[in-house]
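Take a look at the letters that make up each chain.
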Amino acid sequence: MCGIVGYSGGKNCVGIIMEGLKKLEYRGYDSAGIAFEEPQGLDVLKAVGRVENLEKLVKSRKVKSNCAIAHTRWATHGKPCVLNSHPHTDCKGEVAIVHNGIIENYAELKAVLSKKGHKFASETDSEIIAHLIEEELKKQKDFFKAFVLAVKKLKGAYALAAAYKNAPGVICAAKKQSPLVIGKGDGEYYLASDVPAFLNYTNKAIFLEDGDLAKITPSSCEVFNLSGVKQNRKVNVIKWSPSAAQKGGYKHFMIKEIFDQPQATKDTISTLPADIKKAFGIAPAAAKKIKGLYIVACGTAYHAALSAKYVIEHFAKLPVEVETASEFKYRSINFQKNWLFIAVSQSGETADTLAALMNAKKAGLKTLSICNVVGSTITRASDYTVYTHCGPEISVASTKAFTSQLAVLYSFALHMARQHGVLGKAEFDKLYKEFQTLPELISQTLKDEQSVKKIAKEVYKSNSYIFLGRNASFPIALEGALKLKEISYLHAEGFAGGEIKHGPIAIIDKDMPVVALAPKGSLYEKMISSCQEVSARGAKLIIISNTPTKGAVLVPYSNEYLFPILAVIPLQLLAYYISDLRGREIDRPRNLAKSVTVE
């Protein structure tokens, strides 16, 4: 959620740091701050609100520095204000820290420190870390050793960076359950919560693992575990281009990323196995032993999982249980033998999804992750990983990651069906050939953008919306409602089409737009019947279909289980244009963060 940026090297890094903070704005924040080295020691500047507010303050001070750590905060402990903003310092102002996560034992630690005479300036849990380091420095003059001793006392989740007045050029970092990545440059190192923060300067990234502690200088980066044993961490070459994280002339990242979807799905599909013998890294013998699936995710990824349940059960005839990770991880589950656990996460750092995956591993299940970020925590913890190849997704509201997740899960369904003998070779080949046309089908769908924009102009003043779907399209109705309320702040709900008579029809009137997904297939007639019912109550009816239907927005024809990937695109566009017409902050909606890395 919060964003961390750091630099140690030979350049004046202030501009680099400010740019990095802006690249992490999609994570959500309410304030920003920077701690920087200068000849007389450390100095700290903070500002509430946009990074631009901090940038103005920095420019007014004409700050120059070769080493700095910075932070964008999303409040968890203490209201948004300058005192609660990061970086936090110790009593003397000699140690500065930035922290993402939650320190569960902070009250206990704060009480101990208070008895030793420490005075605290903020309401946050994070501030105690600076004071812990100060306390250790009284006994241990080596900054990194003092940092390690302080970190050992912490319980909870953290991505943490610290700087010390008497250790110029040194940044100490630690990671547990919150993402932290180091960028390797030429005579310089970067530190960040996510790769886009430094991608303009280096594409070489070192992903820290849980329990890692790093000592960074301009010329070196050493990684240790809590026992002091040096760790070898791979330097990954990031293939995203810096331009992939720019708007490219679009008004918002969200609309750019909607139009990125043909390429994102093409890149993703190109890496998926058409050869049944190489399906998802799972050997054929092991695949045949799979008796069922747990699929767990949060938010938009959860809707991808829900839609996949219908697809997998239809094609592969395997039972599928889908649940939100935040519920799954606390349930007492009688795990079924020979079931596969699948975690779906764009970032690979979603705290609830990671905790659910670890529970499944403890129960002895094999685990598969579907993720967009190479080297992320969830992928490292999984037995098998399938990557979506979307490039960075900057807008908080997920679009291209969602369609790519659906594509991976559709491919998985076909492969499981083939492995289990439900689909013969000829039928598998036919379905997979249709699947491989998906990027072109998405391109065709996007050509009807103006029709959706026209509808948005007709309904954007409404304050409440209903979305309807059946079968594999029912979760897409849920996703359409979520997308709209995420970025427009309007009330929207999704329902199964057959449930409309069981309560929801009571709230339908002439002021209520109803969006219905009606693919040609087994339930087309029943869905049209539901449409007629809401239309009879005066609702403004918007139909999305793949077959000629009166008044419908048409997407290209495909089978009804591929239809959801196409149908969600008009819903994304509808949410975008309604929100734009209402003047919303589309890429950074209030109260939301891109990656939820704490509970």
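Our subject in this report is the structure included herewith. (Residues numbered from 1 in each chain as written. Predicted model: local features only at pLDDT ≥ 70, side-chain atom pairs only at ≥ 80, totals over all residues. Heavy atoms only, no water.)

So, the packing of aromatic side chains
Point 1. Enumeration over the complete set of coordinates arrives at 18 aromatic pairs.
Point 2. Ring plane angle 25° and centroid distance 5.4 Å describe the contact between Tyr410 and Phe435, whose orientation is recorded as stacked. One end of the pair, Tyr410, is in helix α13 (residues 400–419); the other, Phe435, is in helix α14 (residues 425–435), and 25 residues separate them in sequence.
Point 3. Classification of Tyr410 as buried rests on a relative accessible area of 2%.
Point 4. In textbook terms, an aromatic cluster arises when at least three aromatic residues are bridged by ring pairs, as seen for Phe315, Tyr410, Phe428, Tyr432, Phe435 and Tyr561.
Point 5. One residue, Lys110, lies across the ring of Phe120, its end atom 5.2 Å from the ring centre. (Phe/Tyr/Trp six-rings, centres within 6.5 Å; stacked < 30°, edge-to-face > 60°. Helix = DSSP H or I, 4+ residues; strand = E, 2+ residues; numbered from the N terminus. Buried < 20%, exposed > 50% of the residue type's maximum accessible area, 1.4 Å probe, protein only. Lys NZ or Arg CZ within 6 Å of the ring centre and 35° of its normal.)

Regarding α13
Point 1. If you check α13, its first and last C-alpha atoms are 29 Å apart, about what 20 residues at 1.5 Å a residue would give, namely 28 Å.
Point 2. Here α13 lies mainly inside the structure; 19 of its 20 residues are buried.
Point 3. Where α13 terminates, the next one or two residues include Gly421, which has phi positive at roughly 75°. (Expected span 1.5 Å × (residues − 1).)

A word on the sheet that holds strand β21 (residues 464–469)
Point 1. If you trace the five strands from one edge of the open sheet to the other, you get β22-β21-β23-β24-β25, paired in parallel fashion. Two strands bound the open sheet, and with one partner strand each, they are β22 (491–496) and β25 (553–554).
Point 2. Here five bridges tie strand β23 (residues 513–517) to strand β24 (residues 540–545), and the two strands are oriented parallel to one another. Across the sheet, residue Leu517 finds its bridge partner in β24, namely Ile544.
Point 3. Those strands touched by helix α17 (residues 474–488) are β21, β22 and β23, and its axis lies near 175° from that of β22. (Pairing = 2+ DSSP bridges. Contact = heavy atoms within 4.5 Å. Axes fitted to C-alpha atoms, helices over the stretch in contact; angles between N-to-C directions.)

Side note on the pattern of salt bridges
Point 1. Per the stated rule, a full pass over the model turns up 25 salt bridges.
Point 2. The closest approach of N and O atoms between Lys23 and Glu19, which form a salt bridge, is 3.4 Å. With Lys23 and Glu19 both in helix α1 (residues 14–23) and four residues apart, this pair spans about one turn of that helix.
Point 3. The closest approach of N and O atoms between Glu458 and Lys540, which form a salt bridge, is 3.2 Å. With Glu458 in helix α16 (residues 449–459) and Lys540 in strand β24, this residue pair connects regions lying 82 residues apart in the sequence.
Point 4. Using a relative accessible area of 34% as the deciding quantity, one classes Lys540 as partly exposed. (Salt bridge = Lys/Arg side-chain N within 4 Å of Asp/Glu carboxyl O.)

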